[in-house]
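A look at the structure
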Amino acid sequence: LGPVETIHQNTIYIGYPNSGKSKEITRLKNARIVDLTKLSGPGELWNQAAESNDMPSYKFLVIDHFDLFWQEKNWNPELLALMEELISKKKKKVVLVTTVDPTMAFSQLTTKTKDESNKDESAPKIDAFHQNRWIMLLSNFTKTYHQIPAATKKWAKKVRMKYASQ
């Protein structure tokens, strides 16, 4: 069994950029995959997650490229609210596909305070209430790690070429 076949609960699927996580996760059965890079805005999240006559039901909602948007002020509350709704009320399972472990990232966020003058302006900020909601929600997730591709040299060259061109 590969890592995808072992997913049966809320899971954070972590791996290197461009390592094939997105392709691998398509093997997950009974899943709807939402690639955040393909949405025009956070409001589309709810449409993608909705079950209706037009959209078949699913057990897992996979949120691909989670790490690219969770820090953005427009996306953060929508992602949080959607995940709370799916897990708590609809009893769905959520899989976050990411290059960054969000449990570590959320616990280290700079918390907004009344006196912002001594804070690092480049650091993402979130109020303590939302930070605590994220930490509590993510405590219900297990972590699974995407394996580095067997052709490591070829994969490393591909990654170097992609980032060298930016």
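Summary of the structure given here. Keep in mind it's a predicted model, so treat the numbers as computed, not measured. (Residues numbered from 1 in each chain as written. Predicted model: local features only at pLDDT ≥ 70, side-chain atom pairs only at ≥ 80, totals over all residues. Heavy atoms only, no water.)

Points about the overall build of the protein
Looking only at helices and strands, the protein features six helices and seven strands. Ordering the α and β elements of the protein from the N terminus gives β-α-β-α-β-α-β-α-β-β-α-β-α. Taken over 166 residues, the protein has a buried fraction of 39%. Excluding contacts between residues fewer than 6 apart, the proportion of contacts in the protein whose partners are at least 24 apart in sequence is 73%. Surface summary for the protein: the accessible area is close to 9,900 Å², and the carbon and sulfur share equals 53%. (Helix = DSSP H or I, 4+ residues; strand = E, 2+ residues; numbered from the N terminus. Buried < 20%, exposed > 50% of the residue type's maximum accessible area, 1.4 Å probe, protein only. Contact = heavy atoms within 4.5 Å. Areas by Shrake-Rupley, 256 points an atom, 1.4 Å probe, with all protein chains shown as cover.)

Some remarks on the packing of helix α3 (residues 76-89) against helix α5 (residues 128-138)
Orientation of α3 relative to α5, taken along the N-to-C sense of each, is 40°, at an axis distance of 11 Å. With respect to α5, the axis of α3 lies oblique. Remark: the crossing between α3 and α5 carries left-handed chirality. On α5, the residues that touch N76, L79, L80, M83, E84 and I87 of α3 are H130, R133, W134, L137 and L138. Grouping the amino acids of the contact of α3 with α5 by side-chain chemistry returns seven nonpolar, two polar and two charged. (Axes fitted to C-alpha atoms, helices over the stretch in contact; angles between N-to-C directions. Parallel < 35°, antiparallel > 145°, perpendicular 65-115°, else oblique. Left-handed = near helix turned anticlockwise from the far one by under 90°. Nonpolar A, V, L, I, M, F, W, Y, C, P; charged D, E, K, R; others polar.)

Considerations on the side chain of D101
Relative to the assigned elements, D101 resides in the loop between β4 (93-98) and α4 (102-107). Relative accessible area serves as the criterion here: at 15%, D101 is assigned to the buried category. Here T103 takes part through its side chain, which lies 2.5 Å from a polar atom of the side chain of D101. Other than its neighbours up to four places away in sequence, D101 contacts I12, I14 and K143. (Polar contact = N/O pair within 3.5 Å; in protein donor to acceptor, adjacent residues only side chain to side chain.)

A word on the pattern of salt bridges
Taken as a whole and judged by the stated rule, the model has six salt bridges. The salt bridge partner of R27 is E5, with a shortest N-O separation of 1.8 Å. In this pair, R27 is assigned in the loop between α1 (21-25) and β2 (31-35) and E5 in the segment before β1 (11-14), connecting sequence segments 22 residues apart. Overall, E5 belongs to the partly exposed group, its relative accessible area being 28%. Between D101 and K143 there is a salt bridge whose closest N-O contact spans 2.6 Å. Residue D101 is found in the loop between β4 and α4, and its partner K143 is found in strand β7 (residues 142-145); the two are separated by 42 residues along the sequence. In this structure K143 comes out as partly exposed when scored by relative accessible area, which is 36%. (Salt bridge = Lys/Arg side-chain N within 4 Å of Asp/Glu carboxyl O.)

Concerning the side chain of T98
Inspection of the secondary structure puts T98 in strand β4. The exposure class assigned to T98 is buried, which follows from its relative accessible area of 0%. Excluding anything up to four places from it in sequence, T98 contacts I12, Y13, I14, G15, K21, F66 and D67.

Considering unusual backbone geometry
One non-glycine residue, H65, lies in the positive phi region at around 65°. Position of H65 among the secondary structure elements: in the loop between β3 (60-64) and α3. Classification of H65 by relative accessible area gives partly exposed; the value is 24%.

Notes on the pairing of β4
Across the six residues of β4, five count as buried, placing the element largely inside the fold. For β1 and β4, the ladder comprises four bridges, and the chain directions are parallel. Looking across to β4, one finds that I14 is bridged to T98. Pairing of β3 with β4 involves five bridges; the strand directions are parallel. Within β4, the residue paired with V62 across the bridge is V95. Taken together, β3, α3 and β4 form a β-α-β motif whose crossover is right-handed. (Pairing = 2+ DSSP bridges. Right-handed = clockwise from strand over helix to strand, strands pointing away.)

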